Each structure stands twice: as structure tokens, then as C-alpha cells.
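Structure assessment
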Amino acid sequence: MEILLIALQVVIVVTSILCIMFVLLNKGKGGGLSDMFGGGMTQSLNTSGAAQKNVVRITTVLAIIWVLAIVGYALVLRFNPVA
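Please read these numbers as outputs of a predicted model, since none were measured by experiment.

1. Quick notes on the overall build of the protein chain
Tallying secondary structure elements over the protein chain gives 3 helices and 0 strands in all. The helix and strand sequence of the protein chain, counted from the amino end, reads α-α-α. Taking all 83 residues of the protein chain together, 20% fall into the buried category. For the protein chain, contacts bridging at least 24 residues in sequence account for 67% of all contacts bridging at least 6. For the protein chain, the accessible surface area stands at approximately 5900 Å², while carbon and sulfur atoms represent 74% of it.

This is the structure in C-alpha cells:
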């Protein structure tokens, strides 16, 4: 059970970092962090609409994995507490 907890912790940390990176890469639609960091970079690279849609899809999938990992971690701790 401890291996599962460690694996879920690693998934949570990795997906958290990746979510932050992909959120900053999203094109901003007016002000905010994406314009300051990711927005300027993506505009200078002349990304297409398809590439931007892929970034949004990847961000969504990462967020779903992140939520599922947190719920799974909570359920494992709830039914099998490490004391």
C-alpha cells in the first residue's frame, strides 16, 4: 500500500508542475500571466490554431489526471490509513 501512496504522490507532483507549465503556455485572451510569460513566447513562434488546441487538450487531460490522483490518494488514506 505504501508503494501506491508514493506512486500517487509522484503523479500529483509531476502533474502539478506540468499543469502550471501548460497553463502558462496557453495564449492569453487579455492580460494575465499567460500574456506575460507563455503568451508572448507562443506568439513569437507563430503557433497555429491546431497547436493551440493541442495545448488546451493536454492541459485538460493533465488537470483530469491531477484530480483523479488526489481523489485516489484521499481514498487510499481514508480506507487504509498509514499510522
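2. Remarks on the nonpolar core
L5, L8, I12, A69 and V76 together form the largest nonpolar core, which totals 5 residues. Elements that contribute at least two residues to this core include exactly α1 (2–25) and α3 (49–79). When residues in this core are grouped by element, the largest group, 3 residues, is from α1. Setting aside residues up to four positions removed in sequence, V76 forms contacts with M1, L4, L5, L8 and P81.

Conventions and cut-offs
- Residues numbered from 1 in each chain as written.
- Predicted model: local features only at pLDDT ≥ 70, side-chain atom pairs only at ≥ 80, totals over all residues.
- Heavy atoms only, no water.
- Helix = DSSP H or I, 4+ residues; strand = E, 2+ residues; numbered from the N terminus.
- Buried < 20%, exposed > 50% of the residue type's maximum accessible area, 1.4 Å probe, protein only.
- Contact = heavy atoms within 4.5 Å.
- Areas by Shrake-Rupley, 256 points an atom, 1.4 Å probe, with all protein chains shown as cover.
- Core = buried A, V, L, I, M, F, W, Y, C linked by side-chain atoms within 4.5 Å.

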